[in-house]
Amino acid sequence: MNPTTNPTIRTENLSRSFGRTAALAQVSLTVPEGAIYALVGANGAGKTTLIKLLMNIFRPTAGSAQVLGIDSRSLAGQCFTRIGYVSENQELPETMTVAAFLDYCRGFYPEWDRSLEAQLVRQFDLPLGRKLKHLSRGMKMKAAFASSLAYRPTLIVLDEPFSGLDPLVRDELIEGLLERAPETTIFLSSHDLAEIESFSSHVGFLEQGRLLFSEEMPVLMDRFRDVTVTLDAPAPLPANLPTAWLQPQTADCVVRFVHSNYSEPAAARELAEFFPAARNIAFDPLPLRQIFLAISKSGRARSEAQADPHAAAKGTAA
């Protein structure tokens, strides 16, 4: 990735409402050229809405998006010869054979690479003579991937591409995708955190239409720690804990919380201030799933506290 180049995707306060329902609210993110950017969140968080806005399937209610330097509202025709798009519910011409489907797609893309097409057919073990309607879901996704990778797109956009697939098919698709990574930018949505943690370079987290954060994966993983403080005797939680300490709880002589802005020297100073008599302090890295759970639960707790501060105070005391 070259930080001096223009970003492949940039959104500014991008919003979309359906009637009175806000599906996406003021989302601002940047996807650098060459990134593998994973947009994660629960089902219904707004991931598909965001992708459809980027692909000019939906029009924004407010804000803007640029894709490959072009306003997303202007994406059409020739622009899509540089973009590969595969969605979870991709519709394919079911009466065509795999060979006829690839032959049909080939005519739309001037940069279609016949040798790469043949490589993808072999790699995905595609049955060229079989009709698409007779293929399994996994094999249909392989055909969709092959048709979207064979013209070497500058940007690959994937909406929940691995949902419902068995692990072997998922691994084959990820392998095919990563082989193209050096020559493209990849933007994918997923609610399965385990599958994207190992290969994504950047991650953004959507919850209820709002982007809670967007950053490089190593930076995110470095700043979160599961903290365990062991005391000599049971003690209540101190008042006015730092806001970066998520989900603080105490049981007997142990205090636990998730540190969301960890750096070793500063964390050591903070803990010495709040727990000067601590017998032991442990900092453990967190997997992506635990990070997102901590963020989500802390966000809900803050919302409940704002709605009913007395109930929140009782919950903390408990």
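All of these numbers come straight from a predicted model, not from anything done at the bench.

What counts as what
Residues numbered from 1 in each chain as written. Predicted model: local features only at pLDDT ≥ 70, side-chain atom pairs only at ≥ 80, totals over all residues. Heavy atoms only, no water. Helix = DSSP H or I, 4+ residues; strand = E, 2+ residues; numbered from the N terminus. Buried < 20%, exposed > 50% of the residue type's maximum accessible area, 1.4 Å probe, protein only. Contact = heavy atoms within 4.5 Å. Pairing = 2+ DSSP bridges. Axes fitted to C-alpha atoms, helices over the stretch in contact; angles between N-to-C directions. Phe/Tyr/Trp six-rings, centres within 6.5 Å; stacked < 30°, edge-to-face > 60°. Lys NZ or Arg CZ within 6 Å of the ring centre and 35° of its normal. Polar contact = N/O pair within 3.5 Å; in protein donor to acceptor, adjacent residues only side chain to side chain. Core = buried A, V, L, I, M, F, W, Y, C linked by side-chain atoms within 4.5 Å.

Participant: Can you help me understand the overall build of the protein chain in this one?
Facilitator: Scanning the protein chain from terminus to terminus reveals 10 helices and 14 strands. Dimensions of the protein chain along its principal axes, counting C-alpha atoms only, are 75 × 40 × 40 Å. Here the protein chain, with 318 residues, has 46% of them falling under the buried criterion. In the protein chain, the proportion of contacts linking residues at least 24 apart, taken out of those at least 6 apart, comes to 70%.

Participant: In this structure, what is going on with the sheet that holds strand E3 (residues 36–40)? I would like to understand it.
Facilitator: Strand-to-strand pairing in sheets goes through backbone hydrogen bonds, with the strands running parallel or antiparallel. Across the sheet, 6 strands lie side by side as E6-E7-E8-E3-E9-E10; this open sheet has mixed pairing. Looking at the sheet topology across the chains shown, the edges are occupied by strand E6 (83–87) and strand E10 (210–216). Neighbour-to-neighbour, the strand axes of this sheet turn through a mean angle of 10 degrees, independent of strand direction. In this structure, strand E7 (residues 155–159) lies alongside strand E8 (residues 185–190), joined through 5 bridges in parallel fashion. Counterpart to Leu158 in the pairing with E8 is Leu188. The sheet contacts of helix H4 (residues 137–149) involve E6 and E7, and relative to E6 the element is tilted by about 170 degrees.

Participant: Where do I start with the packing of aromatic side chains in this structure?
Facilitator: The geometry of an aromatic ring pair is captured by two quantities: the separation of the ring centres and the angle between the planes. This model, assessed by the stated rule, comprises 14 aromatic pairs. Residues Tyr37 and Phe187 carry aromatic rings whose centres are separated by 5.3 Å and whose planes lie at 20 degrees to one another, so their mutual orientation is stacked. Taken together, the residues Tyr37 in strand E3 and Phe187 in strand E8 connect sequence positions 150 residues apart. On the accessibility criterion, Tyr37 (0% relative accessible area) is buried. With relative accessibility at 0%, the residue Phe187 sits in the buried group. Here Phe205 and Phe213 contribute two aromatic rings whose centre-to-centre distance is 5.9 Å and whose plane-to-plane angle is 50 degrees, an arrangement assigned as tilted. Side by side, Phe205 and Phe213 carry an identical accessibility label, which is buried. Ring pairing ties together the aromatic residues Trp245, Phe257, Phe274 and Phe275, which thus form one cluster. Across the ring face of Phe58, the terminal group of Arg16 is positioned such that the distance to the ring centre comes to 5.2 Å.

Participant: Just checking my understanding: could you explain the sheet that holds strand E14 (residues 280–284) for this structure?
Facilitator: With antiparallel pairing, the 4 strands of this open sheet are ordered in space as E12-E13-E11-E14. Of all the strands in the sheet, just strand E12 (245–251) and E14 have a single pairing partner and so form its edges. Neighbour-to-neighbour, the strand axes of the sheet open up by a mean angle of 15 degrees, direction not taken into account. Sheet topology note: the strand E11 (residues 225–230)/E14 ladder contains 5 bridges and is antiparallel. Counterpart to Val227 in the pairing with E14 is Phe283.

Participant: Would you explain the side chain of Ser296 in this entry?
Facilitator: Relative to the elements of secondary structure, Ser296 occurs in helix H9 (residues 288–307). On the basis of relative accessibility, which here comes to 10%, the residue Ser296 falls in the buried class. Of the polar contacts made by the side chain of Ser296, one reaches the side chain of Glu207; its length is 2.9 Å. Residues in contact with Ser296, not counting those within four places in the same chain, are Phe205 and Glu207.

Participant: When you look at the nonpolar core in this model, what are you seeing that I'm missing?
Facilitator: The tendency in soluble globular proteins is for nonpolar side chains to be buried as a group. Residues Phe145, Leu188 and Phe292 are the most contacted members of the largest nonpolar core, which totals 55 residues. Setting aside its immediate chain neighbours within four residues, Leu188 contacts Ile36, Tyr37, Ala38, Leu39, Leu158, Phe162, Ile196 and Phe199. Ile51, Val67, Leu75 and Leu155 belong to the second largest nonpolar core, which has 26 residues in total.

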